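Results of the structural survey
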Amino acid sequence: RGFMRVPNEQPFVWHWHGFKPYDVQCWLRYLDSGAWDLEELTIRDGLQETKKGGCRGLLNPRMQMHECSLAAYLDLLAANERLLAIADAIYSE
């Protein structure tokens, strides 16, 4: 899961647990293709549907996923991509 500490109390900490950047990228491709309609499917059902497109869906029936979880993973992916770009820029100097 993506999580972070409360601002102003502890530093932000992002951690990939379970789903990875390539999972979220796959979900985004599925959303962009129009195959997953957020209006019609719950987040959980949508993730299960993405398995048909080659994504890893929910790994077991006990896992819960809702809008906040999806938003957290999207934020985590964006932060991850920014950090990789920064690292690449520093490495190339």
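Since the model is a prediction, treat every value here as computed from it, not as a measurement.

So, on to the overall build of the protein. Per the secondary structure count, the protein includes 3 helices and 0 strands. Written out in order from the N terminus, the α and β elements of the protein read α-α-α. Per-residue burial for the protein yields a buried fraction of 27% across its 93 residues. For the protein, the share of sequence-separated contacts (at least 6 apart) that also reach a separation of at least 24 residues comes to 46%.

As a further point, take the nonpolar core. Counting 14 residues, the largest nonpolar core has Trp-27, Trp-36, Ile-43, Leu-47, Met-65 and Tyr-73 as its most contacted members. For this core, the secondary-structure elements that each account for two or more residues are helix H1 (21-32), helix H2 (43-50) and helix H3 (67-92).

Summed over the entire model, instances satisfying the criterion amount to 3 aromatic pairs. Here Phe-19 and Trp-27 contribute two aromatic rings whose centre-to-centre distance is 4.9 Å and whose plane-to-plane angle is 75°, an arrangement assigned as edge-to-face. The exposure class of Phe-19 is buried, given its relative accessible area of 1%. Seen from their ring centres, Trp-27 and Tyr-73 are 5.8 Å apart, and the 85° between their planes marks the pair as edge-to-face. Here Trp-27 is found in helix H1, whereas its partner Tyr-73 is found in helix H3, with 46 residues between them in sequence. Here the two residues Trp-27 and Tyr-73 agree in accessibility, since each one is buried.

How each quantity is defined
- Residues numbered from 1 in each chain as written.
- Predicted model: local features only at pLDDT ≥ 70, side-chain atom pairs only at ≥ 80, totals over all residues.
- Heavy atoms only, no water.
- Helix = DSSP H or I, 4+ residues; strand = E, 2+ residues; numbered from the N terminus.
- Buried < 20%, exposed > 50% of the residue type's maximum accessible area, 1.4 Å probe, protein only.
- Contact = heavy atoms within 4.5 Å.
- Core = buried A, V, L, I, M, F, W, Y, C linked by side-chain atoms within 4.5 Å.
- Phe/Tyr/Trp six-rings, centres within 6.5 Å; stacked < 30°, edge-to-face > 60°.

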